[in-house]
Amino acid sequence: KQLNSDIDNKIASLTAQQHKILMMFADGLLNKQIGFKDLGLLIIDEEQKFGVNVKDKLKAMKASVDSLTLTATPIPRTLQFSLLGIRDLSVIQTPPPNRQPVETVVVTGFNGEVVRDAVAYELKRGGQVYFIHPRVSDIEEIGSAIRNLVPDARIGFAHGQMSGAKLEKNMAAFIEHEYDVLVATKIVESGLDISNANTIIIHQAEKFGLSELHQMRGRVGRSNKKAFCYLLAPHELVFSDDSRKRLKAMEEFSDLGSGFHIALRDL
């Protein structure tokens, strides 16, 4: 909070011209009004997040400069370029000290006993839980179901249909441990580093892509505590063969630094 206050004070002291420049950058680096006199290096983080139009702009921007792409799960086309030798590839497989692999388990259906035990265990050791649900329409009902299973759990919500202010408030409350369980859509899949949250339960996991599942699993296990990922899915006869392979890959590649192997399987 103090850091945010300091930032606000500094921004308030900027001249009108400087403020305008900051706002242009806030609109995005790819804003047509933004140019560089002598761009030498372009670093692209979380490449898998960008759409086709943005990728085309990035392609034009990096045509004459050195570029470095960072991602935990390379998209198939980028990985293919690397395997063909068109792009250089470096794989960082050494985890930070004291990190442990995230134990990953596929569970058939919304198993109330598994959900209750997983949440209760995490709360007992003073931790927090992400519960991921793919749809906003019934996310409140999911929260109620969790509350019935674990009455002591404090439930918060996060999804893209919330106002920016409400979403920010809920996320700040989760960081401050005012909530024990954050029921959310895949909106949390990147950018979060909450070391106290070490259990993630992904409901209807068969509806997510392999990269999405890996990114969401990466929200836990960011400390020296043992972390758990539960993938809830109906019986494998109900969903597609591709979905079954994705869930199997998530179980198989759960070691630290396994993103590259998951990307290969995706390819």
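Just above, that's the structure.
So, here's what we can say about the structure. Small disclaimer: the values here were computed from a predicted structure and weren't measured.

1. Looking at unusual backbone geometry
In the Ramachandran plot, H177 falls in the positive-phi region, its phi being about 65° despite a non-glycine side chain. One non-glycine residue with positive phi stands out, namely Q204, at about 50°. Structurally, Q204 is set in the loop between strand 7 (197-202) and helix 8 (210-217).

2. Focus on helix 9 (residues 241-252)
For an α-helix, 3.6 residues make a turn, and residues three or four places apart therefore share a direction. The end-to-end C-alpha distance of helix 9, which contains 12 residues, comes to 16 Å, matching closely the 16 Å that a straight helix rising 1.5 Å per residue would cover. Among all positions of helix 9, only S243, L247, A249 and M250 are buried. Seen end-on, helix 9 carries its buried residues on one side only, within an arc spanning 155°. In the core, the buried residues of helix 9 are packed alongside strand 3 (102-108), helix 8, strand 8 (227-233) and helix 10 (259-266).

3. Overview of the nonpolar core
The biggest cluster of nonpolar side chains holds 51 residues, and the ones touching the most others in it are Y130 and I202. Broken down by element, the residue count for this core peaks at seven residues, all from strand 8. Residue contacts for Y130: discarding those within four places in its chain leaves F174, L182, L192, I194, A197, T199, I200, I201, R219 and V220.

4. Details of the sheet that holds strand 4 (residues 128-132)
Spatial strand order, 3-8-7-4-6-5: six strands in an open sheet with parallel pairing. Only two strands of the sheet have a single neighbouring strand rather than two, namely strand 3 and strand 5 (155-158). Going across the sheet, the axis of each strand differs from the next one's by a mean of 20°, ignoring polarity. Two strands pair when backbone bridges link them, and strand 4 and strand 6 (residues 181-184) are joined in this way by four bridges, in the parallel orientation. Considered in strand 6, the bridge of V129 is made with V181. Together, strand 3, strand 4, strand 6, strand 7 and strand 8 form the strand contacts of helix 5 (residues 112-124), whose direction differs from that of strand 7 by roughly 170°. Against the sheet, helix 8 makes contact with strand 3, strand 4, strand 7 and strand 8, and its axis sits at roughly 150° relative to strand 7, the strand it touches most.

5. Some words on the packing of aromatic side chains
A complete count under the given rule lists four aromatic pairs for this structure. Taken together, a centroid distance of 5.4 Å and an interplanar angle of 55° make the contact between Y130 and F174 tilted. Of this pair, Y130 sits in strand 4 while F174 sits in helix 7 (residues 164-175); the two residues are 44 residues apart in sequence, bridging distant segments of the chain. By relative accessible area, which is 0% here, Y130 ends up buried.

So, how was this worked out
- Residue numbers restart at each chain and count upward from 1, following the sequence in its written direction.
- For a predicted model such as this one, the threshold for reporting local features is a pLDDT of at least 70, and the threshold for listing and counting side-chain atom pairs is 80 or more; totals across whole chains, interfaces and linings nevertheless cover every residue.
- Side-chain measures were taken over the full set of non-hydrogen atoms in the model, leaving aside hydrogen atoms and water.
- Only DSSP runs of H or I reaching four residues or more are called helices, and only runs of E reaching two or more are called strands; each is numbered from the N terminus.
- The span one expects for a helix is its residue count, reduced by one, times 1.5 Å.
- Partly exposed describes any residue whose relative accessible area lies between the buried limit of under 20% and the exposed limit of over 50%, with all areas from a 1.4 Å probe on protein chains only and scaled to the type maximum.
- An arc is given here, and it is the one of the directions from the helix axis to the C-beta atoms.
- Whether two residues are in contact is decided by their heavy atoms, any of which lying within 4.5 Å being enough.
- We call a set of buried residues a nonpolar core when its members are Ala, Val, Leu, Ile, Met, Phe, Trp, Tyr or Cys and they connect through side-chain atoms within 4.5 Å of each other.
- Here the rule is simple: two strands pair whenever DSSP picks up at least two bridges between them.
- All axes here are fitted lines through C-alpha atoms, helices being fitted over the stretch that makes contact, and every angle between N-to-C directions spans 0 to 180 degrees.
- Aromatic pairs are defined between Phe, Tyr and Trp rings, using the six-membered ring for Trp, whenever the two ring centres lie within 6.5 Å; interplanar angles under 30 degrees are classed as stacked, those over 60 as edge-to-face, and all others as tilted.

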